[in-house]
Structure formats: structure tokens, C-alpha cells
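# Understanding the architecture of this molecule
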Amino acid sequence: MAAHKVVADCDVDAANLHLVLDPTLVDSGDVYGDQIAVRDTSLCQQCGECERRCRFGAITTEDINELACKGCGICVLACPHQALRLETVACGQWFVSETPYGLLAHAKLLPAAESSGRLVTIVRQKAEDLALQRGLPLILIDGSPGIGCTTVAALADVDMALIWRVFTIWSASPS
Ligand code: SF4
Ligand code: SF4
């Protein structure tokens, strides 16, 4: 219904506007944010201290489970042989697309990635850049449910918000 706008899909944990707006991709890029532990096997002495210290079961003397690693850095501090370090890894991708309904800024969060609030901020920045470049006066943001960091990042500094509250009524079945 609104003309002269950019649409921003900021529900990056469950992005879905690209399913209904028939987008044609025009630009994209990687987003880096999360950190994970990486081992230099030439320095590792297989002492097992990292495995004993990790509260997330993410590391053994043989392996590091990238999906389980939270990047807390405890193993890096604990390793007596300086065989571990933290590395920043990609947490998702941003996209800009043309659609029959106008420009769309959207994103994809990688499985188990945790920087969803950061990704929302990047989608909003892309939408703002597009609005400024094309002289479009309106940015429509599709936010996420809940009260988490993605919701806060999508709502910050908006002029107006439509908030949909859903009540669920549970009733016991008659005996
Ligand atoms: S603490 Fe360091 S030296 Fe010991 S097993 Fe882990 S990575 Fe290897
Ligand atoms: S960085 Fe933290 S979560 Fe990751 S393997 Fe090391 S201790 Fe475990």
C-alpha cells in the first residue's frame, strides 16, 4: 500500500519477506561477529586442560565443535602451551534486492550464529543508505517477536511502531 519506501526484514532469525516479495538480488556481503576457538596443532601437547575447563563441551584434545563454542576464551587463557586463539568468523550475510514492491534489505543468519542483533543493525543501515541514495521518505521494518536483542535493535529510534500482542488461552479439556 505504501509507495516510495524501502522494506527492511529485520526478523533475521526467521527471515521470510524474501519468500513473498519475489526479490532479485542486487548486492550482498558477509557479516563477521562471533568468535570461536582455533587450535595450532603444532603447539598442542594434548594435555586436556582446555577440555577440562570448557563449560560447553565444545573442545576435546582432538576436536573443536564450532557450533558449540561460545567464544568465551577460557580455553585460550587455560592452555599452558599457547596453542589456542580466538578467531572472528562470519555469522551471516546481508542482501539488497529489487522487488516488484520496492527495494528490500534483508539478511540470513548462519546456523548457531549469535550476532543477530548486530545483523539487524546492518540490515537497517543498508535500508537507510538505500533510502538516502534514492530519496525515499519511508523505511518499513518487519521486526521479530519477543523482547530479545533483535526486537530492541529493530525498534530503536523508529518514529512509529505497530505492535501485535497475541494472547493464548489454555483450557483444560472436559473430563
Ligand atoms: S590445553 Fe592447549 S596443549 Fe592442552 S590439549 Fe588443549 S590445546 Fe592442547
Ligand atoms: S572458547 Fe569457550 S566455549 Fe569455545 S572451546 Fe574455548 S572454553 Fe569452550
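Residues numbered from 1 in each chain as written. Chains lettered and ligands numbered in written order. Predicted model: local features only at pLDDT ≥ 70, side-chain atom pairs only at ≥ 80, totals over all residues.

As a further point, take the overall build of the protein. Of the regular secondary structure elements, the protein holds five helices and five strands. Overall, the protein shows an N-to-C arrangement of helices and strands of β-α-β-α-α-β-β-α-β-α. The C-alpha atoms of the protein give a radius of gyration of 21 Å, which is well past the 16 Å a tight globule of 175 residues would have. The principal-axis extents of the C-alpha atoms in the protein amount to approximately 65 × 60 × 30 Å. Counting across all 175 residues of the protein, residues that qualify as buried make up 29%. A fraction of 70% describes how many contacts in the protein between residues 6 or more apart in sequence connect residues 24 or more apart. (Helix = DSSP H or I, 4+ residues; strand = E, 2+ residues; numbered from the N terminus. Rg over C-alpha atoms; globule rule 2.2 N^0.38 Å. Buried ≥ 20, exposed ≤ 12 C-beta atoms within 10 Å, placed from the backbone. Contact = placed C-beta atoms within 7 Å.)

As a further point, take the environment of Asp159. Note on placement: Asp159 falls in the segment after helix H5 (149–155). Judged by local crowding, Asp159 falls into the exposed class, with 6 C-beta atoms found within 10 Å. For the pair Asp159 and Cys72, spaced 87 residues apart in sequence, the C-alpha separation works out to 37 Å.

The domain boundaries assigned to the protein delineate domain 1 (5–33 + 91–155) and domain 2 (34–89). Each of domain 1 and domain 2 has a C-alpha centre, and these two points are 33 Å apart. Taken together, the residues of the side of domain 1 that touches domain 2 break down into four nonpolar, two polar and one charged. (Domains from an automatic or database assignment. Nonpolar A, V, L, I, M, F, W, Y, C, P; charged D, E, K, R; others polar.)

This part covers the site of ligand 2. Near ligand 2 there are 14 residues, and of these Cys54, Ile59, Cys69, Cys72 and Cys75 occur at the shortest range. Taken together, the residues of the shell around ligand 2 sort by class into ten nonpolar, two polar and two charged. (Near = placed C-beta within 6 Å.)

Another aspect to go through is the pairing of strand S1 (residues 5–9). Burial analysis of S1 places four of its five residues in the buried class, the great majority of the element. Bridge count between S1 and strand S5 (residues 138–142): five bridges; the pairing is parallel. Within the sheet, the bridge partner assigned to Ala8 lies in S5 and is Ile141. Two strands pair when backbone bridges link them, and S1 and strand S4 (residues 102–109) are joined in this way by three bridges, in the parallel orientation. Opposite Val7, over in S4, you have Leu104 as the bridge partner. (Pairing = 2+ DSSP bridges.)

This part is about helix H4 (residues 116–134). In this model H4 runs 27 Å from its N-terminal to its C-terminal C-alpha over 19 residues, within 8% of the 27 Å that 1.5 Å per residue would give. Every buried residue of H4 is accounted for by Ser116, Arg118, Leu119, Val120, Ile122, Val123, Arg124, Lys126, Ala127 and Leu130. In this fold, the buried residues of H4 make contact with S1, strand S2 (24–39), strand S3 (84–99), S4, S5 and H5. Where H4 ends, the next residue or the one after it, Gly135, has phi of about 65°, a positive value. (Expected span 1.5 Å × (residues − 1).)

Close to ligand 1 lie 13 residues; Cys44, Cys47, Glu49, Cys50 and Cys79 are nearest. Considering only residue class, the shell around ligand 1 consists of six nonpolar, five polar and two charged.

With that settled, the discussion passes to unusual backbone geometry. Although it is not a glycine, Asp22 sits at a positive phi angle of roughly 55°. Positioned with a positive phi, Gln46 is a non-glycine residue whose angle comes to about 60°. Within the secondary structure, Gln46 is located in the loop between S2 and helix H2 (49–53). According to the C-beta neighbour criterion, Gln46 is exposed, with 12 such atoms within 10 Å.

This paragraph deals with the nonpolar core. Membership of the largest hydrophobic core comes to 26 residues, with the highest contact counts inside it found for Ala8, Val12, Ala105, Ala107, Leu119 and Val123. Listing elements by their share of this core, those giving two or more residues are S1, S3, S4, H4 and H5. Element by element, the count of residues in this core is highest for H4, at six residues. Counting nine residues, the second-largest nonpolar core is a separate cluster that includes Cys54, Ile59, Cys75 and Leu84. (Core = buried A, V, L, I, M, F, W, Y, C linked by C-beta atoms within 7 Å.)

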